[in-house]
Amino acid sequence: AHDMADMLFNSKMIVLWGADIAATHYGPAHQFAYYVKMARERGTPVICIDPRHTASAEALADQWIPIKPGTDMAMMLAMAYVLFKEDLYNKEFCEKFVEPEGLKKWQKYVLGQEDGVEKTPEWAEKICGVPAETIRDFSRMYAKMKPTHLWKNWSIARKSRGENVARAAAALQAMM
């Protein structure tokens, strides 16, 4: 089956980014939070990245990473930086399924070869308030725990140039 429960139960980690699934209903029959709870009970770690300590962060998450509102892009860029610099991204998958010129352009931007600004965790920390070490540790866990179900809520893209946050989330998934 290709349903929400199947995806969640076969993920090694679930990331709820800007999504309070305990308060907002998603998925078939609005059971997304229930499926996340069941997956967590089966041992799948759940990480909430959200400015607020939501009901989901309280009841469903193993870790809550608070972030300044509207700065999610900086953290995603820093995650990509760690994945590229530490050679943690899935090269085999990328070679087979990711458009090579787009991946190169993304990598050049993330590594600062395009604009002279490396998107390091230290760079991101100044913007998003998430400690560089937390970004590094989370990025390494994200690379290790595959497949990861990254649920990016609409909320993080509801800002000027918010479509880039959606693109960055998709790029992180494509890297893995």
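Definitions and cut-offs
- Residues numbered from 1 in each chain as written.
- Predicted model: local features only at pLDDT ≥ 70, side-chain atom pairs only at ≥ 80, totals over all residues.
- Heavy atoms only, no water.
- Pairing = 2+ DSSP bridges.
- Helix = DSSP H or I, 4+ residues; strand = E, 2+ residues; numbered from the N terminus.
- Axes fitted to C-alpha atoms, helices over the stretch in contact; angles between N-to-C directions.
- Contact = heavy atoms within 4.5 Å.
- Disulfide = S-S within 2.5 Å.
- Buried < 20%, exposed > 50% of the residue type's maximum accessible area, 1.4 Å probe, protein only.
- Core = buried A, V, L, I, M, F, W, Y, C linked by side-chain atoms within 4.5 Å.
- Arc of directions from axis to C-beta.

**Points about the sheet that holds strand S1 (residues 13-17)**
For sheets, the rule is that strands pair by backbone hydrogen bonds, running either parallel or antiparallel.
Item 1. The strand order S3-S2-S1-S4 describes an open sheet built from 4 strands, whose pairing is parallel. The open sheet has two free edges, formed respectively by strand S3 (63-65) and strand S4 (148-152), since each of these has just one partner strand. Averaged over all pairs of adjacent strands, the angle between their axes in this sheet comes to 15 degrees, without regard to strand direction.
Item 2. When S1 meets strand S2 (residues 46-49), the two strands line up parallel, connected through 4 bridges. Residue pairing for S2: Leu16 is matched across the bridge by Cys48.
Item 3. Of the strands in this sheet, S1, S2 and S4 touch helix H2 (residues 32-41), which is tilted by about 140 degrees from S1.

**Considerations on the state of the cysteines**
Item 1. Counted under the stated rule, the structure contains 0 disulfides.
Item 2. Between Cys128, a free cysteine, and Cys48, which holds the nearest cysteine sulfur, the sulfur-to-sulfur gap is 16 Å.
Item 3. Looking at Cys128, the relative accessible area reads 1%, which means it is buried.

**Some points on the nonpolar core**
Item 1. Judged by nonpolar contacts, the single largest core of 40 residues is most densely connected at Trp17, Ile49, Met75, Trp106, Phe138 and Met175.
Item 2. When contributions to this core are tallied by element, the ones reaching two or more residues are S1, S2, helix H4 (72-85), helix H6 (100-110), helix H7 (121-128), helix H8 (132-144) and helix H9 (163-175).
Item 3. At 10 residues, the largest contribution of residues to this core is made by H4.
Item 4. Excluding anything up to four places from it in sequence, Ile49 contacts Val15, Leu16, Trp17, Gly18, Ile65, Ile67, Met75 and Phe138.
Item 5. Core analysis: the next-biggest nonpolar cluster, separate from the first, contains 17 residues, Leu8, Ala19, Tyr35 and Val46 among them.

**Things to note about H2**
Item 1. Inspection of H2 places Phe32, Tyr35, Val36, Met38 and Ala39 among the buried residues, and these make up the whole buried set. The buried residues of H2 occupy one face: seen down the axis, they fall within an arc of 160 degrees.
Item 2. Next to the buried residues of H2 lie helix H1 (4-9), S1, S2 and S4.
Item 3. Just past H2, the residue Gly43 takes up positive phi, approximately 105 degrees.

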